[in-house]
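Report on the structure
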Amino acid sequence: MFRLDREAIALRVAKEFRDGDVVNLGIGIPTLAANYIPEGRTVWFHTENGAVGFGGSPPEGEEDIHMTNAGGGFVTALPGMSIFDTIEAFTIVRGGYLDITVLGAMQVSEKGDLANWLRPGRLIGGIGGAMDIVAGAKRVIAAMEHTDKKGTPKIVRECTSPLTAVGCVDMIITDMAVIEVDKEGLMLVEHAPSLSVEDIKSVTDAPLRVSGELREMEL
Amino acid sequence: MKQKLDRNTIALRVAREFRDGDVVNLGAGIPTLCSNFLPEGRKVWLHSENGVLGYGPLAGPDQQDPNLINAGTQFITSTPGISFFNSADAFNMIRGGHVDITVLGGFQVSEKGDLANWILPGRGSGNVGGAMELVTGAKKVIVAMEHTTRNGEPKLVKECDYLLTGKACVDMIVTDLAVVIVTEEGFLLLETAPGYTPEEVQSVTGAHLNVSEKLKEVQI
Amino acid sequence: MTLAKLRGRARSDKVFVTFAEAVADVQDGATVIIGHFGGPGGMPMLLLRALRDHGARDLTIVGNTAGIGVVFGAKRDALRIDPGVLVENRQVSRAIVSYPIAPGAPQPNPLEEGFKAGDIKIEMNPQGILAERIRAGGAGIAAFWSPVGVGTIVSEDKETRTIEGKEYILEHAIKGDFSLIRAHKADKAGNLIYRGNMRHFNVSAATASRVTVAEVDEIVETGELDPDKIVTPGIYVNRIVCRPKQFRGK
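Residues numbered from 1 in each chain as written. Chains lettered and ligands numbered in written order. Predicted model: local features only at pLDDT ≥ 70, side-chain atom pairs only at ≥ 80, totals over all residues.

Looking at the overall build of chain A
Along the backbone of chain A there are five helices and 13 strands. The globule rule puts the C-alpha radius of gyration for 219 residues at 17 Å, and the 17 Å found for chain A is close to it. In terms of overall dimensions, chain A has a C-alpha envelope of 50 × 40 × 30 Å along the principal axes. Within chain A, buried positions represent 52% of all 219 residues. The long-range share in chain A, meaning contacts at least 24 apart out of those at least 6 apart in sequence, stands at 62%. (Helix = DSSP H or I, 4+ residues; strand = E, 2+ residues; numbered from the N terminus. Rg over C-alpha atoms; globule rule 2.2 N^0.38 Å. Buried ≥ 20, exposed ≤ 12 C-beta atoms within 10 Å, placed from the backbone. Contact = placed C-beta atoms within 7 Å.)

Pasting the structure below:
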């Protein structure tokens, strides 16, 4: 069955960014979205270790260990960048100044519950900023593969992994579909090229309503 | 010769309490005068609620900078190592236990150490300002004030009848007549103004004064 | 330096020559707040190494990680010291953390093994709430109502309250015996400035302990730092130690 690659998922995610948005990107696929900001839009990237307005990676040899994002990637300064401490970084988050966060996920439930911090079989994991960010961000987008490596659905009725937050996810963007989470559950709004609704339903473990305006994902 | 302490002398006496390295917050009135009498050879870090730490004596007429003022809106000077921050941080310092001494004015102090210093009876409003936080967070609270009101009524009392700033918070009171500390047994008179007897001080005090065995005259 | 000598030091004498003497009085059972985020940026590495060599045991460590091997944000020539050196050296009995394990770490690290064996207790926190708990400790706020982690393991056994229709968790302040922090420059009064994103947990950690020790690249005379650029006022900082030349900026 056709699947988008990670870059294509990131490309679709980036289309959600509006001009002037403050955006926090989690580790993994979300980080890639920084490379696909729609032309003509200014997006302010926010990181938990204390910066807003950073840019892409520096050329090799110019990395500075005091210029990194929360995932440890080296970044550069864009005009207007500001630097602060973690207190300030989360004041921005909980205070409602963060427009969008994009996170990876192990599971998302039909109620929008998110599980993304403890891997199956492990005793400890990293919560990091995820709980704070989903509690504060105006929009939460989960960007992930539709199933795990064994083909098990990651979009489920109830999460079985420990939760990051209850009812927080607004939109799920996967290698197969774009799904919105609303009060009634999940609504399929876009499908990847050449995939049918049935293809997507067959690997989704929760009821999926189909939007009257269902369309192919624009990439 | 009988000699009441004037406002400057009260401030001078208070400033002797400052140790090297102390962080000190000075309230409005007599307390601000302390900044002009910092003990020589000791670095005292003067703190103010508007977000400054490490200011010096009050500024002269030709060195006034509107962005260099204390919480009492007086022009101040800087000393090496001065830093600036916002008011939230200024109060974090206070509540967090980083301020060693606060010196405040007072309307009334009770023998239990209760302080009333923000609103007078009959007035519709008063200024709480930073005082409630200061008396909660500072390690030592010194009240600098006249011993009586203008009408001669005692300001050191058994119970405050004005609205409180803080309960059981005052450690020491320096007035124009005496230096008194607050103990579990009530007021303890440590020093008297030159020429004044303990009895004379007691006669204008509204609560019992225990007299220290080491009672002495205020050294000026 | 003997402990007696350390205790006899003048309060305003903040410059320490060696990292060892700056942590010489950390006692067994102490709570140590470690200002850091994850990688080598803003990590008080030489203080951590000194505390490892010092050997105090039964420590409670507080910080974003409990040591993830500085796998990220590290240049090839970077020092590789993080709170993990204390865990590996079996000095830690409790870790108050947010991100104790490296992303994608295939093998359990010493922390996970210690946890399994029952030797180490782990208290998990959302990152921003951990920072806020440390700030509250330094600011004399006993506890606060947080919206983060409702309905997750973070809210287990905690008081909750509905405020204006939303559920909140009561989070308690954290205070330390020692804070080990990293800054760029200090003056002799302990005023600190930072460089790049070194500030993360260091700014709040500086305020929350009985003794705060700062590891810096340079120490200048009091008055040489621009007051408008000072981020951490010196009254929070009790000891400052300068990195040897070869480690500066790393």
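Observations regarding the overall build of chain C
In terms of helices and strands, chain C carries seven helices and 14 strands. The C-alpha atoms of chain C give a radius of gyration of 18 Å, which matches the 18 Å a tight globule of 250 residues would have. Each of the 250 residues in chain C was classed as buried or not, and the buried ones make up 56%. A fraction of 77% describes how many contacts in chain C between residues 6 or more apart in sequence connect residues 24 or more apart.

Description of the packing of helix α3 (residues 86-94) of chain A against helix α6 (residues 127-139) of chain C
Taken N-terminus to C-terminus, the directions of α3(A) and α6(C) make an angle of 120 degrees; their axes are 9 Å apart at the nearest point. Comparing their axes, α6(C) and α3(A) come out oblique. Relative to α6(C), the crossing made by α3(A) is left-handed. For the pair α3(A) and α6(C), contact is made by A:Thr86, A:Ile87, A:Phe90, A:Val93 and A:Arg94 and by C:Gly128, C:Ala131, C:Glu132 and C:Arg135, respectively. Among the residues forming the contact of α3(A) with α6(C), the class breakdown is four nonpolar, two polar and three charged. (Axes fitted to C-alpha atoms, helices over the stretch in contact; angles between N-to-C directions. Parallel < 35°, antiparallel > 145°, perpendicular 65-115°, else oblique. Left-handed = near helix turned anticlockwise from the far one by under 90°. Nonpolar A, V, L, I, M, F, W, Y, C, P; charged D, E, K, R; others polar.)

Remarks on α3(A)
The buried fraction of α3(A) is high, at seven of nine residues. Among the residues making up α3(A), those that are buried are A:Thr86, A:Glu88, A:Ala89, A:Phe90, A:Ile92, A:Val93 and A:Arg94. Among the structural elements, β2 (44-47) and α4 (130-136) of chain A together with α6 of chain C are those in contact with the buried residues of α3(A). Two residues or fewer past α3(A), A:Gly96 is found with a positive phi of approximately 90 degrees.

A word on the confidence of the model for chain C
Detail in the predicted coordinates should be disregarded across regions flagged by low pLDDT. Here chain C averages 92 in pLDDT, while 95% of its residues score no lower than 70. Across the interfaces of the predicted complex, the ipTM metric reaches 0.80, alongside a pTM of 0.86. (pLDDT = per-residue confidence, 0-100.)

So, the nonpolar core
Judged by nonpolar contacts, the single largest core of 196 residues is most densely connected at A:Leu114, A:Val134, A:Ala142, B:Ala144 and C:Leu47. Take this core: its biggest share by element is six residues, from helix α3 (residues 45-54) of chain C. Discounting residues that sit within four places of it in the chain, A:Val134 has contacts with A:Thr101, A:Leu114, A:Val140, A:Thr164, A:Ala165 and A:Cys168. (Core = buried A, V, L, I, M, F, W, Y, C linked by C-beta atoms within 7 Å.)

Here we look at the interface of chain B and chain C
Counting residues at the interface gives 20 residues for chain B and 20 residues for chain C. Only β4 (76-84) and α3 (87-95) of chain B provide two or more residues apiece to the side of chain B that touches chain C. At six residues, the largest contribution of residues to the side of chain B that touches chain C is made by β4(B). In terms of residue class, the side of chain B that touches chain C is built from eight nonpolar, nine polar and three charged.

Looking at the arrangement of the chains
The highest contact count of any of the two pairs of chains in contact belongs to chains A and C. Looking at chain A next to chain B, you find no contact at all, with the nearest C-alpha pair sitting 12 Å apart.

A short note on the environment of A:Phe90
Residues and elements named next belong to chain A. Among the structural elements, Phe 90 can be located in helix α3. What makes Phe 90 buried here is the crowd of 26 C-beta atoms within 10 Å. As a C-alpha pair, Phe 90 and Glu 48 span 42 residues in sequence and 6.9 Å in three-dimensional space.

Some remarks on the sheet that holds strand β6 (residues 107-109) of chain A
Residues and elements named next belong to chain A. If you walk across this open sheet you meet the three strands as β7-β6-β9, and the pairing is mixed. Two strands close off the open sheet at either side, each with one partner strand: β7 (114-115) and β9 (155-156). As paired strands, β6 and β7 are joined by two bridges and run antiparallel to one another. Bridge pairing in β7 links Val 108 to Leu 114. (Pairing = 2+ DSSP bridges.)

Section: the interface of chain C and chain A
Every contact between the two is made by 46 residues of chain C and, on the other side, 36 residues of chain A. If one sorts the elements of the side of chain C that touches chain A by residue count, α6(C) sits on top with six residues.

Considering the sheet that holds strand β11 (residues 192-193) of chain C
If you trace the three strands from one edge of the open sheet to the other, you get β11-β10-β13 (chain C), paired in mixed fashion. Unpaired on one side and paired on the other, β11 and β13 (218-220) of chain C mark the two borders of the sheet.

A word on helix α1 (residues 6-14) of chain A
One turn of the α-helix equals 3.6 residues, which is why residues spaced by three or four share an orientation. Those residues of α1(A) lying buried are A:Ile9, A:Ala10, A:Leu11, A:Arg12, A:Val13 and A:Ala14. Among the structural elements, α2 (29-32), β5 (100-103), β8 (139-143), β10 (171-173) and β11 (177-182) of chain A are those in contact with the buried residues of α1(A).

Looking at unusual backbone geometry
All names here are of chain C. Notably, Asp 58 is not glycine yet its phi reads approximately 60 degrees, a positive angle. Its place among the elements puts Asp 58 in the loop between α3 and β3 (59-62). For Asp 58, a count of 13 C-beta atoms within 10 Å puts it in the partly exposed group. In the Ramachandran plot, Arg 90 falls in the positive-phi region, its phi being about 55 degrees despite a non-glycine side chain. Within the secondary structure, Arg 90 is located in the loop between α4 (84-88) and β4 (92-97). A count of 14 C-beta atoms within 10 Å places Arg 90 in the partly exposed class.

As for the pairing of strand β12 (residues 185-191) of chain A
Residues and elements named next belong to chain A. Direction of pairing for β11 relative to β12: antiparallel, over a ladder of six bridges. When the bridges of β12 are listed, Glu 180 appears paired with Met 187. Counting the residues between successive antiparallel strands, the hairpin from β11 to β12 contains two residues. Strand direction decides the pairing type here: β12 and strand β13 (residues 208-216), joined by five bridges, are parallel. Residue pairing in the sheet places Leu 188 in a bridge with Val 210 of β13.

Points about the environment of A:Phe45
Residues and elements named next belong to chain A. Its place among the elements puts Phe 45 in strand β2. The class for Phe 45 is buried, based on 24 C-beta atoms found within 10 Å. In this structure Phe 45 touches Val 23, Leu 25, Ala 34, Gly 53 and Phe 54, once residues within four positions along its chain are discounted.

Some thoughts on the environment of C:Trp145
Residues and elements named next belong to chain C. Residue placement: Trp 145 occurs in strand β6 (residues 143-146). With 14 C-beta atoms packed within 10 Å, Trp 145 lands in the partly exposed category. When near neighbours in sequence (up to four residues on either side) are disregarded, Trp 145 contacts Arg 161, Ile 163, Tyr 168 and Leu 170.

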